[in-house]
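Coordinates in review
Given next are the chains, with one letter for each unit.
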Amino acid sequence: PPPLPAGVPPPPVSAGTAMNPPPPPEPVPVPVPVPVAAVAAAAGGGRAAPGGPSQGNPIPGSSPAGGVALQVGPQGFVPITPTRANTKPIYGAVIAPINEPADRFVNFEYPPITTDGMGVCMLDGTLHQHTGHLAYRWSKYCAMRDAIDANEGGLEKFSRGYETMGFTRNAEGITYREWAPNAKSACLFGDFNAWSTGDQGVWMTKNDYGLFEVFMPNKPDGSPVIPHGSRVKLHLEVEGGDPVDRIPAWIKMAVQAPGEIPFNGIYYDPPPEEQYHFKYARPPTPPELRIYEAHVGMSSTEPKINSYVEFADDVIPRIAQLGYNTVQLMAIQEHAYYACFGYHVTNFFAVSSRCGTPDELKYLIDTAHSYGITVLMDIVHSHASSNSLDGINQFDGSNGQYFHDGPQGYHWMWDSRCFNYGSWEVVRFLLSNLRYWMEEFKFDGFRFDGVTSMMYSHHGLQMTFTGDYGEYFGMATDVDAMVYLMLANDMLHTLYEGHACTVAEDVSGMPTLARPVSEGGVGFDYRLQMAIADKWVEVLSEWGMDENWNMFDLVHCLENRRWGEKCISYAESHDQALVGDKTTAFWLMDKEMYTEMSSLSKDHPVITRGIAIHKMIRQLTMCLGGEGYLTFMGNEFGHPEWIDFPRGDRTEKATGKFIPGNDNSYALCRRRFDLADMDHLRYKYLNAFDAAMNDLAGRFKYLCSDHQYTSLKSDSDKMIVVERGDCVFVFNFHPNQSYSDYRVGAKHGGQYKLVLSSDNPEFGGYSNLWTFNCPEIKADEYDFNGRPASMMVYSPSRSVSVYAPVEAARNCMPQ
């Protein structure tokens, strides 16, 4: 692209990167590591007991009684760094060329409303007590749909505001439109007119609805009056107040110049030959999401801000190798403060320029689609940055243009502004924002952040939700916000049927949140099961010795979700990785991670325990906690340290307390993927197990199965047995007791095959129970633990093993 004006830095991308690179090379098979441990014992008994401490060297969290861990580990497992050349599309992916004609919605007729919105009561009888509230919510939704049909030509056209608002260009010139009802006059200015707001300024006309507009014809030579890459701003004169200068609210790019704090709006309109052109179709929405939560900026192994192109080339292949079918991208919308993790959005239609250009983001998404990976965007429609110089707060000089004017419009804990979802133009702005990311960038859906804050006028602040339905259906509920979410979900699932997915971040437990809009629900496909990660923190920080772990409490937390509303479970997300908190691996292994992770030295009891339990926690969370699963990048292999964004010293605004910074260092704002790729470090075992866990879920599709049954939770044996789909999961959390001939229930008899074992040597196990040599096991028609059949298994201490019927394994597993 042409150079940006003086003083405006280019986005930090790799030099020489092609804007429209060729398709990925034909992938070649990844060599399969072959474990060559000579100490493997036959299934049913074992020589290497991973659960017991060495004499005189007790494992934290366990009692000194028990067996002795042999200081012999697996050898010969060599990790392979995934690249575009050696990584295949994910299992089951159907890769097709892009086929989305620009005119495909020209004659689209939006389906009419044909239900009464009370279908949710059929699933949950308690909702009958709140039909008044639900009926009111449904009536407001229907009224909004009817009004949009009558005044805007329907929801499909209404949600295309980005095609008429902000900057648009045709063959004759550029049109600029902006809604600023409180301003009496407006002038567009920037590099293109030497920043003039006088006679040379581009003054706009205002209509009765507060919409300013101006058309700027092309220059005599046919070129646009505003060159691509120019800095632009809007000058607004306010009745009875000082003029304000703002970045256009619908701007497509904003950049921070060196030495400046506020961002500058950038007119982004590259010529056709410099635009990225999509090659691959959106993958169909997976029946079960396995999400890799990622932040592009911190995804480099080096202490720097990573680029969209580098993420596409280096991290997407890694996600595919791990077997995740979905990547959830954080911090895509522009945000002035890097350390906010992207949650204090300043420019809602602008791609975060720290990582590159809009076209480079398109390349990232297309690369993911070439592997069959669904791409979700972590979108923030719950609040906005309180910045006014480079955000939309007080855009037209008033306090209530986009936001509530008063306490409801301010989130004091986040120091941010909260939208007024009852405003027609706010709904247009937000729905159009969703369509923009779907149409222009081919995202496959969204994870909606801060939904709890949206749904209640108190924003969930200082509120403890007990599950009483009166907390959800009362005067504190923001019905306008509920209607907006219903409109958003209905629009996405109708216009992109089978290719759009939505996930809600809600801590309140709002009933109907993940039921279809046609039933009267809010329409999300999934909700995040946020209590599980908190439970694991409680377990690791408060429960003490492993013998004290309560299997009943664990299972209750993992199973405690609303029937018929799908959940995404996770043991840890980005929240647990931030400075001030600890990841699962750090809770388990702490300082020993710095000195004892080398496989060239003898096993350390803390590391042995940590690796074993880390695998079990993740598999238990996946198989029992929901209908989908999520991990934050790097946590799959037990990333050491925490995330600490570069920051300087500051004084807390509310308290005046001095907060020391970290000298603006990026040292802890990166992901050390190289640790998992090093042959001599034990991180490779956790990484390999995570890939195997995902592979099993992808092949057996147990997450989307209707069958889930916990047949055993034993505090004395520290055992949990779960049936999910065709699979039987056997967890032994006992710190030093392995069990031979342990009877577990099954839903039917026949031959079963061991399809996954955390004790495999390539996962850092000791081959006491190894899929390579474990014989088939016969389940008899013998009732046990309330199940019609049962079988005898060997369960090593601190291990998880998964069994499947031989026929199902033959159909699903590679032979």
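Read on for a plain summary of the structure. (Residues numbered from 1 in each chain as written. Predicted model: local features only at pLDDT ≥ 70, side-chain atom pairs only at ≥ 80, totals over all residues. Heavy atoms only, no water.)

Observations regarding the nonpolar core
One finds Leu329, Leu361, Tyr402, Trp437, Phe443, Tyr484 and Phe700 to be the most contacted residues of the largest nonpolar core, which totals 204 residues. Counting residues per element, this core draws most heavily on helix H8 (residues 479-495), at 12 residues. (Core = buried A, V, L, I, M, F, W, Y, C linked by side-chain atoms within 4.5 Å. Buried < 20%, exposed > 50% of the residue type's maximum accessible area, 1.4 Å probe, protein only. Helix = DSSP H or I, 4+ residues; strand = E, 2+ residues; numbered from the N terminus.)

Looking at the pairing of strand S27 (residues 719-724)
Within S27, six of the six residues are buried, which leaves the element mostly enclosed by the surrounding structure. Here strand S26 (residues 708-714) runs beside S27; their pairing, made up of six bridges, is antiparallel. Pairing of tyrosine 709 across the sheet is with glutamate 723, part of S27. The antiparallel pairing of S26 with S27 creates a hairpin that spans four residues between the two strands, and lysine 718 there sits at a positive phi of about 60°. Across six bridges, the pairing between S27 and strand S28 (residues 727-732) is antiparallel. Bridged to valine 721 within S28 is valine 730. Taking the residues that link successive antiparallel strands as the turn, the S27-S28 hairpin has two residues, and the phi of glycine 725 there is positive, at about 60°. (Pairing = 2+ DSSP bridges.)

Examining helix H4 (residues 308-322)
Counted at 1.5 Å a residue, the expected span for H4 with its 15 residues is 21 Å, and the 20 Å between its end C-alpha atoms agrees. Where H4 bends most, the angle comes to about 35°, and this point is valine 315, followed within four residues by the proline proline 317. For H4, a buried count of 12 out of 15 residues is recorded, marking the element as mostly surrounded by other parts of the structure. Buried residues along H4 sit against strand S11 (290-295), strand S12 (326-330), strand S14 (347-351), helix H5 (358-370), helix H14 (673-677) and helix H15 (683-700). Immediately downstream of H4, the backbone of glycine 323 shows phi near 90°, a positive value. (Expected span 1.5 Å × (residues − 1). Bend = angle between axes of the 7 residues up to and from the residue. Contact = heavy atoms within 4.5 Å.)

A closer look at the sheet that holds strand S22 (residues 567-569)
Consider a sheet: its strands pair through backbone hydrogen bonds, and that pairing is either parallel or antiparallel. Taken together, the eight strands give a closed barrel; going around it, the order is S11-S12-S15-S19-S20-S21-S22-S23, and neighbouring strands pair in parallel fashion. Across the sheet, the mean angle from the axis of one strand to that of its neighbour is 30°, orientation sign disregarded. For S12 and strand S15 (residues 374-379), the ladder comprises four bridges, and the chain directions are parallel. If you follow leucine 329 over to S15, its bridge partner there is methionine 377. Against the sheet, helix H6 (residues 424-441) makes contact with S15 and strand S19 (445-448), and its axis sits at roughly 135° relative to S19, the strand it touches most. (Axes fitted to C-alpha atoms, helices over the stretch in contact; angles between N-to-C directions.)

Some details on unusual backbone geometry
The backbone of glutamine 462 shows a phi angle near 55°, a positive value even though the residue is not glycine. Within the element layout of this structure, glutamine 462 appears in the loop between helix H7 (451-455) and H8. Judged by its relative accessible area of 74%, glutamine 462 falls in the exposed class. For glutamate 641, which is not glycine, the phi torsion reads 65° and is therefore positive.

Overview of the packing of aromatic side chains
By the definition in use, this model includes 49 aromatic pairs. With 5.0 Å between their ring centres and 80° between their planes, phenylalanine 341 and phenylalanine 645 make a pair best called edge-to-face. Placement of the pair is phenylalanine 341 in the loop between strand S13 (333-334) and S14 and phenylalanine 645 in the loop between strand S23 (628-632) and strand S24 (650-651), with a sequence separation of 304 residues. Residue classification places phenylalanine 645 among the buried residues on the basis of a relative accessible area of 4%. One Lys or Arg, arginine 435, reaches over the ring of phenylalanine 105 and ends 5.2 Å from the middle of that ring. Positioned above the aromatic ring of tyrosine 709, the side-chain terminus of arginine 787 is 4.1 Å from the ring centre. (Phe/Tyr/Trp six-rings, centres within 6.5 Å; stacked < 30°, edge-to-face > 60°. Lys NZ or Arg CZ within 6 Å of the ring centre and 35° of its normal.)

What about the sheet that holds strand S2 (residues 173-179)?
Strand order in the open sheet formed by four strands is S1-S2-S6-S5, and the pairing between neighbours is antiparallel. Since the sheet does not close on itself, it has two edges, and those belong to strand S1 (166-169) and strand S5 (205-206), each with one partner. Both S2 and strand S6 (residues 211-217) contribute to a ladder of seven bridges, which runs antiparallel. Paired with glycine 173 across the two strands is proline 217, which belongs to S6.

Thoughts on H8
Given a rise of 1.5 Å per residue, 17 residues ought to cover 24 Å, and the 24 Å separating the end C-alpha atoms of H8 matches this to within 8%. Most of H8 sits out of view: 14 of its 17 residues are buried. The backbone nitrogen of aspartate 480 has a side-chain oxygen 3.2 Å away, supplied by the residue at the start of H8, namely aspartate 478. (Polar contact = N/O pair within 3.5 Å; in protein donor to acceptor, adjacent residues only side chain to side chain.)

Quick word on the packing of helix H9 (residues 531-542) against helix H13 (residues 605-624)
One way to put it is that H9 packs onto H13 with a least axis distance of 12 Å and a crossing angle of 150°. The pairing of H9 with H13 is recorded here as roughly antiparallel in orientation. Taken as a pair, H9 and H13 cross one another with a handedness that is right-handed. Contact with H9, carried on its side by Ile532, Trp536 and Leu540, involves Ile617, Leu620 and Thr621 of H13 and no other residues of that element. Taken together, the residues that form the contact of H9 with H13 break down as five nonpolar, one polar and no charged. (Parallel < 35°, antiparallel > 145°, perpendicular 65-115°, else oblique. Left-handed = near helix turned anticlockwise from the far one by under 90°. Nonpolar A, V, L, I, M, F, W, Y, C, P; charged D, E, K, R; others polar.)

With respect to a nonpolar patch on the surface
A surface patch of nonpolar side chains, about 340 Å² in accessible area, is lined by Tyr410, Trp412 and Met413. You can see methionine 413 is positioned in the loop between strand S17 (410-411) and strand S18 (416-417). Overall, methionine 413 belongs to the exposed group, its relative accessible area being 52%. (Patch = residues over 30% accessible without salt bridge, like charges linked within 9 Å, V, L, I, M, F, W, Y side chains within 5 Å. Areas by Shrake-Rupley, 256 points an atom, 1.4 Å probe, with all protein chains shown as cover. Salt bridge = Lys/Arg side-chain N within 4 Å of Asp/Glu carboxyl O.)

Read these as spatial facts, not as claims about activity.
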